[in-house]
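Chain residues, written in single-letter form:
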Amino acid sequence: MFALRTKSAFSAARLISSPVNSTRFFSISRFVLNSNSNPNTPVKTANSLSEVEGPETLIGPGAKPDTVPTDLEQATGLERLELLGKFDGIDFFDQKPLDASRRGTIADPIVVDSFDDNRFVGCTGYPADSHEVLWLNPTVDQVARCWECGSVYKVNRVTIPQADPHHH
């Protein structure tokens, strides 16, 4: 009876230790990406904004063996696009501060551009830094008013022109 329990315990341990769904390490991504494309045309990593030709060029080369990678070497996707843009002086995500030279009112709110229907706004008061940061969530349909200083914020939805004439 003890032998049967031992055998079933080892079987259970073997089932638990071998995962059903295997995970893919990040270092394999470049190999998988190259294996899906034409093997005669290797994918070139973009080292400047002018060299970006698609998402496949936004995968960093990684670090050389026995070295620590830089931010540019290990960055991929949108992070790499942002870094390449910063090298060329382009701010992709529009991270400049809002207009703090005036207080927004219902008649003349401070306009915040957004690609979505809403955007989180951190109000520091008028004049600037007169109170702690209070986070507001104005939407396209409704303005947000700071309950500390009374400044009003409104979302201006920015749209990207679509080549597809169909509206979904």
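Just so it is clear, the model here is predicted, and its values are computed rather than measured.

## Comments concerning the side chain of S151
Along the chain, S151 turns up in the loop between β4 (144–145) and β5 (152–157). Looking at S151, its side chain comes within polar contact range of the main-chain nitrogen of G104, at 3.2 Å. Beyond its immediate stretch of four places on either side in the chain, S151 contacts R103, G104, I110, C123, A144, R145 and C146.

## Points about the side chain of E82
Take E82: it is sitting in helix α4 (residues 77–87). Those residues in contact with E82 that sit more than four places away from it in its chain are F92, F93 and Q95.

## Quick word on the pattern of salt bridges
One pass over the full model with this rule turns up four salt bridges. Between K86 and E82 there is a salt bridge, with the nearest N and O atoms lying 3.6 Å from each other. One end of the pair is K86 and the other is E82, both in helix α4 and four residues apart, which spans about a single turn. Residue K86 is classed as partly exposed on the basis of its relative accessible area of 49%.

## A closer look at the layout of surface pockets
Roughly 520 Å³ of volume is contained in the largest pocket. Looking at the lining of the largest pocket, the elements that each hand over two or more residues are β1 (110–114) and β2 (121–123). The biggest single contributor to the lining of the largest pocket is β1, with four residues. Residue composition of the lining of the largest pocket, grouped by class: 14 nonpolar, five polar and six charged.

## Observations concerning the UniProt feature "binding site: Zn(2+)" (unreviewed entry) in the chain
Per the UniProt annotation, the sites labelled "binding site: Zn(2+)" (unreviewed entry) are C123, H131, C146 and C149. Over a stretch of 27 residues, the named residues converge on one spot in the fold, their C-alpha atoms separated by at most 10.7 Å. When only the residues just named are considered, the largest pocket is lined by C123. Residue position: C123 is located in strand β2. Accessibility expressed as a relative area gives 1% for C123, which makes it buried. Discounting chain neighbours no more than four positions away, the residues touching C123 are H131, E132, V133, L134, L136, C146, C149, S151 and Y153.

Rules of the game
Residues numbered from 1 in each chain as written. Predicted model: local features only at pLDDT ≥ 70, side-chain atom pairs only at ≥ 80, totals over all residues. Heavy atoms only, no water. Helix = DSSP H or I, 4+ residues; strand = E, 2+ residues; numbered from the N terminus. Polar contact = N/O pair within 3.5 Å; in protein donor to acceptor, adjacent residues only side chain to side chain. Contact = heavy atoms within 4.5 Å. Salt bridge = Lys/Arg side-chain N within 4 Å of Asp/Glu carboxyl O. Buried < 20%, exposed > 50% of the residue type's maximum accessible area, 1.4 Å probe, protein only. 1 Å grid on protein atoms, 1.4 Å probe; cavity = no way out; pocket = protein on both sides within 12 Å on 5 of 7 lines; lining within 4 Å. Points joined across faces, edges and corners; volume = space filled by probe spheres on them. Nonpolar A, V, L, I, M, F, W, Y, C, P; charged D, E, K, R; others polar. UniProt positions renumbered as here; feature names shortened; annotations may be inferred.

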